[in-house]
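Observations on the model geometry
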Amino acid sequence: MPSEGRCWETLQALRSSNKGRLCYHRDWLLRGEDVLEECMTLPKLSSYSGWVVDHLMCSQSPVRNSACSPASSATPNGTKESPHTESVVLQSSRGIKVEGCIRMYELVHRMKGTEGLRQWQEEQERKVRALSEMASEQLKRFDERKELKQHKEFQDLREVMEKSSREALGHQEKLKAEHRHRAKILNLKLREAEQQRLKQAEQERLRREEGQGRLRSLYALQEEVLQLSQQLDASEQHRDLLQIDLAAARTRGNQLCSLISGIIRATSESGYPTAENQAEAERALQEMRDLLTNLGQEITRACEDKKRQDEEEAQVKLQESQMQQGPEAHKESPAPSQGPGGKQNEDLQVKVQDSTMQWYQQLQDGATQCVLAFEGLTNSKDNQAKKIKMDLQKAATIPVSQISTIAGSKLKEIFDKIHSLLSGKTVQSGGRAVSVTLTPQGLDFVQYKLAEKFVKQGEEEVASHHEAAFPIAVVASGIWDLHPRVGELILAHLHKKCPYSVPFYPAFKEGMALEDYQRMLGYQVKDSKVEQQDNFLKRMSGMIRLYAAIIQLRWPYGNRQEVHPHGLNHGWRWLAQILNMEPLSDVTATLLFDFLEVCGHALMKQYQVQFWKMIILIKEDYFPRIEAITSAGQMGSFIRLKQFLEKCLQRKEIPVPKGFLTSSFWRS
């Protein structure tokens with residue numbers, strides 16, 4: 001049917017229009033502004049809208065169908081209009097109505113969309129507000145919980161701080177109370193100390209005044225004793241008249257002089273002399289006076305006897321000349337007794353035996369000749385000679401300084417180096433090749449410096465570390481065995497620095513300076529200041545220990561069948577001679593202890609019963625003599641010696657000295 005076909009064409013035309021091409025979705029409300037924009041756009045009619053409306057109206061009315069003829073009609077102005085134009089004009093009210101419906105529909109549709117959008121927006125806003133309120137509430141709760149937690153932590157911290165503060169305040173109060181208490185005690189102590197200081201200052205002033213008075217008195221006593229000693233020396237001219245031992249009297253006089261000098265020296269080191277020192281010096285002076293008085297009486301008696309004897313002889317001669325008979329047989333009267341027949345003199349001596357003094361002097365002369373032999377080397381101004389001298393001295397002394405108890409192999413290396421140097425071989429010293437053949441005086445110089453270094457090690461190293469005596473002594477003994485002159489120079493240096501190793505007590509001579517006499521006794525004097533007694537005894541002890549170790553040790557790699565060049569027999573001689581001499585305060589006891597502690601075990605094995613007899617002699621006869629001359633402040637060395645010997649007698653054995661080199665040492 002024609003009308004149905006036109007309807008389909010109309011629908012097709014509508015679909016092809018702008019509105020027909022619009023897409024509508026169920027969720028158009030969600031598109032927002034796009035929907036509103038489309039609704040607000042004014043609708044536009046297609047260019048075919050008039051034709052569509054015309055056909056629709058023609059299909060509904062015959063009149064309209066007849067009117068739909070293509071004939072033309074005239075316009076009021078006389079112009080002709082086309083049938084199409086007329087149709088549009090006739091039907092404009094209908095089109096306007098349709099268009100109005102369409103616009104009304106669109107308006108309703110837009111209003112619905114706007115209302116839906118508004119409602120959606122309001123819903124979303126409500127949701128957003130709800131979520132915002134919920135988030136705000138949660139944030140508030142979070143802030144409240146956080147604030148509560150912070151408040152709680154702050155409260156805990158404040159409680160802790162308050163507690164700490166209370167404790168600190170309590171502790172502070174306690175400390176203040178203690179401080180006040182201590183300050184009170186300290187003030188009391190300070191007052192007591194000040195009072196004590198004033199008291200001590202007053203006592204010190206009185207003691208100083210008394211000490212100065214005693215010191216002046218000691219010097220006066222010393223002066224008088226020295227004058228008496230000179231008078232004693234002057235009695236030598238009556239030697240032939242006296243029947244007593246004048247040497248013993250002179251020796252005792254020298255001992256008394258030395259005793260007073262020792263008291264003055266000891267007191268000058270410790271401060272001022274005590275009443276005991278003064279009393280001891282006065283006893284020495286009184287003994288000196290008594291000695292001189294007795295000697296004067298003996299001299300007077302001897303002179304009277306001599307005078308009487310001369311008178312008797314003159315009378316006899318006179319009688320003989322008057323007699324006419326032949327001469328009668330004359331019987332010599334017996335000589336006066338020189339003392340208890342065969343009995344040892346009760347007083348000991350200070351002077352050493354003549355043979356020992358000759359031996360001592362020979363050693364000193366040998367050392368002097370050795371010095372003269374290399375005098376040209378020491379006094380040379382030539383730089384090359386000075387360099388050779390320095391290299392030789394280092395090569396001789398440095399190995400001795402390296403001697404220790406580390407290992408026997410190390411000790412053998414040192415011994416071989418010294419032996420090679422003395423044998424004329426080249427040795428390395430300080431990276432340089434050194435030999436005694438570099439100069440004619442080289443051997444004398446090395447021997448002298450080597451011996452001097454051995455003794456110096458005893459004076460310094462052994463004095464500080466007693467165990468060091470044995471490794472030094474065994475090397476010295478081995479060198480002595482192969483080079484005897486070195487051994488003689490060792491003895492010369494030892495006797496010069498420590499005269500008690502002879503043993504020898506130098507006597508004070510008239511006109512001798514006190515410092516020179518102190519040097520002869522072994523003291524070091526620098527700038528008119530004498531070394532302290534403790535340091536002096538320490539040095540003497542070190543050298544005696546070295547000597548006691550040398551006489552008992554042999555170099556283990558040498559010829560064991562040969563006799564020791566200076567063996568235990570010299571130690572026995574030293575011990576016997578020192579016991580035949582008057583002891584010196586503090587010195588004799590110290591040296592006896594050092595000698596017996598180092599060498600006593602070897603002497604015990606060598607001399608056995610004879611050795612123990614000598615020990616008993618020391619205890620019974622010599623101890624009282626040492627104790628008699630030892631002041632209260634110097635009893636330490638005597639007590640140490642006494643306890644050592646009493647313990648040895650109790651155990652019937654002298655212990656092996658500490659640090660003695662055993663066979664295991666030489667295997668290391």
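The protein chain has the name mRNA export factor GLE1 in an unreviewed UniProt entry, where Microcebus murinus is given as its organism. On record in UniProt, under Function (unreviewed entry), the comment for the protein chain is "Required for the export of mRNAs containing poly(A) tails from the nucleus into the cytoplasm. May be involved in the terminal step of the mRNA transport through the nuclear pore complex (NPC)." Database annotation for the protein chain, UniProt heading Sequence similarities (unreviewed entry): "Belongs to the GLE1 family."

**Considering the nonpolar core**
If you look at the biggest cluster of nonpolar residues, it comprises 103 residues, and the most contacted ones within it are Val-475, Tyr-500 and Phe-595. When residues in this core are grouped by element, the largest group, 12 residues, is from helix 19 (residues 587-607). Not counting chain neighbours up to four residues away, the residues in contact with Tyr-500 comprise Tyr-505, Leu-521, Phe-536, Met-540, Ile-544, Trp-574, Leu-584, Val-587 and Leu-591. Formed by 19 residues, the second largest nonpolar core is a distinct cluster that contains Leu-232, Cys-257, Ala-281 and Ile-299.

**Describing the packing of aromatic side chains**
Scanning all chains against the criterion turns up 14 aromatic pairs. An angle of 45° between the planes, with centres 5.4 Å apart, marks the rings of Tyr-360 and Phe-504 as tilted. In this pair, Tyr-360 is assigned in helix 9 (residues 354-373) and Phe-504 in the loop between helix 15 (484-497) and helix 16 (514-520), connecting sequence segments 144 residues apart. Judged by relative accessible area, which is 16%, Phe-504 ranks as buried. Connected via pairs of aromatic rings, a cluster forms that spans Tyr-500, Tyr-505, Tyr-523 and Phe-536.

**A closer look at helix 13 (residues 442-464)**
With 23 residues, helix 13 should reach 33 Å at 1.5 Å per residue; the first-to-last C-alpha distance of 32 Å fits that figure. Where helix 13 bends most, the angle comes to about 30°, and this point is Gly-458.

**Some points on the environment of Glu-282**
By the secondary structure assignment, Glu-282 is in helix 8 (residues 275-322). Owing to a relative accessible area of 39%, Glu-282 belongs among the partly exposed residues under this scheme. Taking the C-alpha atoms as reference points, Glu-282 and Ser-217, separated by 65 residues in sequence, lie 9.4 Å from one another.

**So, the pattern of salt bridges**
Two side chains bearing opposite charge may form a pair once their charged atoms approach each other closely. Throughout the structure, instances matching the rule amount to 23 salt bridges. Across the pair Arg-118 and Glu-122 runs a salt bridge, and its minimum N-O distance is 2.4 Å. Highlighted residues: Arg-118 and Glu-122, both in helix 6 (residues 92-234), separated by 4 residues, approximately one helical turn. In this structure, Lys-658 and Glu-467 form a salt bridge, with 3.7 Å as the shortest nitrogen-oxygen distance. Taken together, the residues span a long stretch of sequence, with Lys-658 in the loop between helix 21 (635-651) and helix 22 (663-666) and Glu-467 in the loop between helix 13 and helix 14 (469-482) at a distance of 191 residues. Residue Lys-658 is classed as exposed on the basis of its relative accessible area, which comes to 67%.

**Considering the packing of helix 18 (residues 568-579) against helix 19**
Running from N to C, helix 18 and helix 19 cross one another at 130°; their axes reach a closest spacing of 10 Å. Relative to helix 19, helix 18 is oriented oblique. Note that helix 18 runs across helix 19; the crossing there is left-handed. Contacts between helix 18 and helix 19 pair Leu-568, Asn-569, Gly-571, Trp-572, Trp-574, Leu-575, Ile-578 and Leu-579 from the former with Leu-591, Leu-592, Phe-595, Leu-596, Cys-599, Ala-602, Leu-603, Gln-606 and Tyr-607 from the latter. Broken down by class, the residue content of the contact of helix 18 with helix 19 amounts to 14 nonpolar, 3 polar and no charged.

**Description of the environment of Lys-658**
Each C-alpha atom, one on Lys-658 and one on Glu-467, is 6.4 Å from the other, the two residues being 191 residues apart in sequence. Not counting chain neighbours up to four residues away, the residues in contact with Lys-658 comprise Glu-467 and Phe-470.

**Details of a nonpolar patch on the surface**
A contiguous nonpolar surface patch, about 350 Å² in accessible area, is contributed by Met-104, Leu-107, Val-108 and Met-111. As for its position among the elements, Leu-107 is in helix 6.

**A look at a negative patch on the surface**
Side chains of Glu-153, Asp-156, Glu-159 and Glu-162 sit close together on the surface and give a patch of like negative charge. Note on placement: Glu-162 falls in helix 6.

**Describing helix 15**
Over its 14 residues, helix 15 extends 20 Å from the first C-alpha to the last, a length consistent with the 20 Å expected when each residue adds 1.5 Å. For helix 15, the set of buried residues is Val-486, Gly-487, Leu-489, Ile-490, Leu-491, Ala-492, His-493, Leu-494 and His-495. Where helix 15 is buried, its residues contact helix 9, helix 12 (408-422), helix 13, helix 14 and helix 17 (533-550).

**Thoughts on unusual backbone geometry**
Cis geometry marks the peptide bond from Val-502 to Pro-503; its omega dihedral reads 0°. The topology assignment puts Pro-503 in the loop between helix 15 and helix 16. Its identity as a non-glycine residue notwithstanding, Asp-586 has a phi of 75°, on the positive side. Within the secondary structure, Asp-586 sits in the loop between helix 18 and helix 19. The backbone of Lys-652 sits at a positive phi, close to 60°, despite the residue not being glycine. Along the chain, the position of Lys-652 falls in the loop between helix 21 and helix 22.

**Considering the environment of Ile-388**
Mapped onto the elements of the fold, Ile-388 is located in helix 11 (residues 383-401). Judged by its relative accessible area of 14%, Ile-388 is buried. In this structure the C-alpha to C-alpha distance between Ile-388 and Leu-438, which are 50 residues apart in sequence, comes to 7.4 Å. Look past the residues within four positions of Ile-388 in its chain and what remains in contact with it is Leu-438 and Thr-439.

**Side note on the side chain of Ser-585**
Along the polypeptide, Ser-585 turns up in the loop between helix 18 and helix 19. Separated by 3.5 Å, the side chain of Ser-585 and the backbone oxygen of Ile-629 make a polar contact. Sequence-distant contacts of Ser-585, defined by excluding residues within four places in its chain, comprise Ile-629, Thr-630, Ser-631 and Gln-634.

**Brief notes about the confidence of the model for the protein chain**
Low-confidence regions, as indicated by low pLDDT, have predicted coordinates that should not be scrutinised in detail. When pLDDT is averaged along the protein chain, the result is 78, and 79% of the positions lie at 70 or above. Scored below 50 in pLDDT, residues 60-91 makes 27 contacts in the model with residues more than four places away or belonging to other chains.

Here is what the cut-offs are and how they apply
- Residues numbered from 1 in each chain as written.
- Predicted model: local features only at pLDDT ≥ 70, side-chain atom pairs only at ≥ 80, totals over all residues.
- Heavy atoms only, no water.
- UniProt positions renumbered as here; feature names shortened; annotations may be inferred.
- Core = buried A, V, L, I, M, F, W, Y, C linked by side-chain atoms within 4.5 Å.
- Buried < 20%, exposed > 50% of the residue type's maximum accessible area, 1.4 Å probe, protein only.
- Helix = DSSP H or I, 4+ residues; strand = E, 2+ residues; numbered from the N terminus.
- Contact = heavy atoms within 4.5 Å.
- Phe/Tyr/Trp six-rings, centres within 6.5 Å; stacked < 30°, edge-to-face > 60°.
- Expected span 1.5 Å × (residues − 1).
- Bend = angle between axes of the 7 residues up to and from the residue.
- Salt bridge = Lys/Arg side-chain N within 4 Å of Asp/Glu carboxyl O.
- Axes fitted to C-alpha atoms, helices over the stretch in contact; angles between N-to-C directions.
- Parallel < 35°, antiparallel > 145°, perpendicular 65-115°, else oblique.
- Left-handed = near helix turned anticlockwise from the far one by under 90°.
- Nonpolar A, V, L, I, M, F, W, Y, C, P; charged D, E, K, R; others polar.
- Patch = residues over 30% accessible without salt bridge, like charges linked within 9 Å, V, L, I, M, F, W, Y side chains within 5 Å.
- Areas by Shrake-Rupley, 256 points an atom, 1.4 Å probe, with all protein chains shown as cover.
- Lys, Arg positive; Asp, Glu negative; His and termini not counted.
- Charge placed at Lys NZ, Arg CZ, Asp CG, Glu CD.
- Polar contact = N/O pair within 3.5 Å; in protein donor to acceptor, adjacent residues only side chain to side chain.
- pLDDT = per-residue confidence, 0-100.

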